[in-house]
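Residue-level structure breakdown
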Amino acid sequence: MDFTEIYKQTSGLVAFSPGAQFVLTAVEDRLIVRRADSFQIARTWLVDTSPSATHSILSFSSKSTKPASSNAGSDGWISHISWSRDSEYMLAACAKRGVIGVFKMRDEDWEARIETGAEGLVRAEWAPDGRSIMCFSGWGLRVTIWSLITGLATYIQYPKHPDRGYAFRKDGRYLLLAERHKSKDTMGVYDTVDEYKLVRHFPLPTSSLSSIAISPTGSHVAVWEGPLDYKLHIITLVGNVVATFTPPEPDTALGLGIRAVVWHPTGAFLAVGGWDDKIHIVTSHGWMAIMTFELSAKVPANVFVWREPERWLEATHGKGFLSYDRVHAYQSSPVPLIRVDATKPHPKSGLVQLEWNLDGTLLMARFEQAPTAIHVYSFPKPDGEPFAPRLSTVLLHSKSVLQARWNPTQTGLLAACCGTGAVFTWDVGNVAECVGVPAKQFEVRDIRWAPDGRGMALVDKEAFCCAFMVIEDEDEYLDEAR
């Protein structure tokens, strides 16, 4: 890998453009765009995060002090950044002051400003059309969708959650939003082409919805209960409940529900994980579990187990790379587990992360009870071998894994970080490597792949750098990406 220099950022705000040509970052109240090939600054804006008149009055009333008129202090720092789908526009939001700045890549002088008013701002993001911005207010009051084309706003009342519980269909035509009306869960289906006009509105079978996930085919939606009830409902876009999945009673002994649900890229399966350290594979043919994986300290003999070498960073001074050590099957308990105290709230158990790779042949899982391990399960292709999913690889590390992400274009390439000065990679050919970041006092806390899969942003608390793959044969790389 080739590494760039270290650059400053705040709040972990680093984002590749959809075309992977630029890198967007925020440093306090300044927005910076760098070229991804040279990392030279292409654009920069000082974002006006001064509070709106309404926000100033509310701040004065609540604190009985004169509100600051400048952007000094972290209250005036940017909290959200995002690219539009075509990389033409960028937004920078300051949630604490309820303002959003919008900028145009091709016209440095063009600028727009959105003030959310008394309801406040929790989250802001682009809609799939790249010309509308979704603003989630505080207290679950409403979602406001601002159009850059018309300058008008569309309001949707009482969203269930600001950070989950909504999804767009794959083609971007419909928005599905979980809502709460009269103390009951409901779902609204909105037509994005017709100014977010309400198409359907129907009650949900949940008592306290946790989140939703729409299938890749766009024909079904998975909705599941909060942490106290292990129930997954499959519904259609017109509100018909197709099936309800609940595991057998012994599986819900902790009395806790679902933590993660992910659709297979083909829509043929659902991977469901809860607080019980089990993963249920639910088929779309009958909506029943056809396979269950359970976390265990022991692994079968046919599983590859790789361990990060001890003190390798000190030995190599954080430079170069080193292969993982192979752990042999005769070792009784290669996966270290922490003890769970079920008497305390928020027990350290269950799924932390569950994610399919690009073509659905691999499923990556991280368990809270095994914080230093990454489990990789192999799945045969639907039109290939007999269906026999199994645990294929376990990656062990000296510290807890903070993030693990699949490459968006290479089907079997995984990258992970543990808050150390290194990034860890594994590919489907069972090549596992530890790669040191050639920088002093830099800890990789997050990994974000570029959309073209050729590089990644490595994010620390107040800095970031990028690592790019060394590609010797361009044609071979493109063939693998296809």
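Nothing here was measured: the structure is a model prediction, and the numbers come from that model.

Description of the overall build of the protein chain
Helix and strand counts for the protein chain stand at 3 helices and 40 strands. For the protein chain, the C-alpha atoms occupy an extent of roughly 70 × 55 × 50 Å along the three principal directions. For the protein chain, the residues scored as buried account for 53% of the 482 residues in total. Here the analysis covers contacts within the protein chain between residues at least 6 apart in sequence; of these, 47% occur between residues at least 24 apart. Carbon and sulfur atoms provide 51% of the accessible area of the protein chain, an area that totals close to 22800 Å². When the 48 basic and 55 acidic side-chain charges of the protein chain are each reduced to a single mean position, those positions are 6 Å apart.

Some thoughts on the sheet that holds strand β21 (residues 232–236)
As summarised here, the arrangement of the 4 strands in space is β19-β20-β21-β22, forming an open sheet in which the pairing is antiparallel. The sheet is open, and its two borders are formed by β19 (209–214) and β22 (241–245), each paired with just one other strand. Averaged over all pairs of adjacent strands, the angle between strand axes in this sheet comes to 20°, irrespective of strand direction. Across 5 bridges, β19 lies against strand β20 (residues 220–225) in antiparallel orientation. Across the sheet, residue Leu209 finds its bridge partner in β20, namely Glu225.

Observations concerning empty space enclosed by the protein
The full count for this structure, using the stated rule, is 1 cavity of 30 Å³ or more. Taken together, Val47, Asp48, Thr49, Ala92, Val99, Ile100, Gly101, Phe103, Glu111 and Arg113 make up the full set of residues lining the largest cavity. For the lining of the largest cavity, the element with the highest residue contribution is strand β9 (residues 99–104), accounting for 4 residues. Here the residues of the lining of the largest cavity sort into 5 nonpolar, 2 polar and 3 charged.

A word on the sheet that holds strand β28 (residues 321–323)
The strand order across the open sheet built from 5 strands is β28-β37-β36-β35-β34, with neighbouring strands paired in antiparallel fashion. The open sheet has two edge strands with one neighbour each: β28 and β34 (403–406). Adjacent strand axes in the sheet meet at a mean angle of 20°, parallel and antiparallel pairs treated alike. Here β34 runs beside strand β35 (residues 413–417); their pairing, made up of 4 bridges, is antiparallel. Looking at the pairing, Ala404 lines up with Ala416 of β35.

Describing the pattern of salt bridges
Scanning the model with the defined rule gives 19 salt bridges in all. Ionic pairing is found between Asp75 and Lys96, a salt bridge with its closest N-O pair at 3.5 Å. Placement of Asp75 in the loop between α1 (53–63) and β7 (80–83) and of Lys96 in the loop between β8 (89–94) and β9 is noted, with a sequence separation of 21 residues between them. Since its relative accessible area comes to 33%, Asp75 is described here as partly exposed. For Glu115, the salt bridge identified is with Arg113, shortest N-O distance 3.0 Å. For Glu115, a relative accessible area of 41% puts it in the partly exposed group. For Arg113, a relative accessible area of 31% corresponds to the partly exposed category.

Re the side chain of Glu225
For Glu225, the position within the fold is in strand β20. Summary of buried charges: Glu225 has no salt-bridge partner, and the nearest side chain of opposite charge, Lys231, is 6.0 Å away. In this structure the side chain of Glu225 is engaged in a polar contact, spanning 2.9 Å, whose partner is the backbone nitrogen of Ser207. Polar side-chain contacts of Glu225 include one of 3.2 Å to the backbone nitrogen of Ser208. Sequence-distant contacts of Glu225, that is, excluding residues within four places in its chain, are made with Pro205, Thr206, Ser207, Ser208, Ser210, Lys231 and His233.

Quick word on the nonpolar core
In summary, soluble globular proteins display a tendency toward joint burial of nonpolar side chains. Residues Ile279, Leu354, Leu363, Tyr377 and Val394 are the most contacted members of the largest nonpolar core, which totals 26 residues. Sorting the residues of this core by element identifies β23 (258–263), β24 (269–274), β25 (278–283), β30 (351–356), β31 (362–367), β32 (370–378) and β33 (390–396) as the ones contributing at least two each. Setting aside anything within four residues of it in sequence, one finds Leu363 in contact with Ala271, Ile279, Ile281, Leu354, Glu355, Trp356, His375, Val376, Tyr377, Phe379 and Trp406. In terms of nonpolar packing, the next biggest core, distinct from the first, is built from 19 residues, Trp306, Leu395, Trp406 and Phe424 among them.

Quick notes on the pairing of β30
The side chains of a regular strand alternate between both faces of the sheet. When β30 meets β31, the two strands line up antiparallel, connected through 5 bridges. What sits directly across from Glu355, in β31, is Met364. In textbook terms, the turn of a hairpin is the stretch between consecutive antiparallel strands, and for β30 and β31 this stretch comprises 5 residues, one of which, Gly360, has a positive phi near 75°.

Comments concerning a nonpolar patch on the surface
Taken together, Trp139, Leu141 and Tyr158 make up a surface patch of nonpolar side chains, about 420 Å² in accessible area. Residue class for Trp139 comes out exposed when judged on its relative accessible area of 85%.

Rules and cut-offs
Residues numbered from 1 in each chain as written. Predicted model: local features only at pLDDT ≥ 70, side-chain atom pairs only at ≥ 80, totals over all residues. Heavy atoms only, no water. Helix = DSSP H or I, 4+ residues; strand = E, 2+ residues; numbered from the N terminus. Buried < 20%, exposed > 50% of the residue type's maximum accessible area, 1.4 Å probe, protein only. Contact = heavy atoms within 4.5 Å. Areas by Shrake-Rupley, 256 points an atom, 1.4 Å probe, with all protein chains shown as cover. Lys, Arg positive; Asp, Glu negative; His and termini not counted. Charge placed at Lys NZ, Arg CZ, Asp CG, Glu CD. Pairing = 2+ DSSP bridges. Axes fitted to C-alpha atoms, helices over the stretch in contact; angles between N-to-C directions. 1 Å grid on protein atoms, 1.4 Å probe; cavity = no way out; pocket = protein on both sides within 12 Å on 5 of 7 lines; lining within 4 Å. Points joined across faces, edges and corners; volume = space filled by probe spheres on them. Nonpolar A, V, L, I, M, F, W, Y, C, P; charged D, E, K, R; others polar. Salt bridge = Lys/Arg side-chain N within 4 Å of Asp/Glu carboxyl O. Polar contact = N/O pair within 3.5 Å; in protein donor to acceptor, adjacent residues only side chain to side chain. Core = buried A, V, L, I, M, F, W, Y, C linked by side-chain atoms within 4.5 Å. Patch = residues over 30% accessible without salt bridge, like charges linked within 9 Å, V, L, I, M, F, W, Y side chains within 5 Å.

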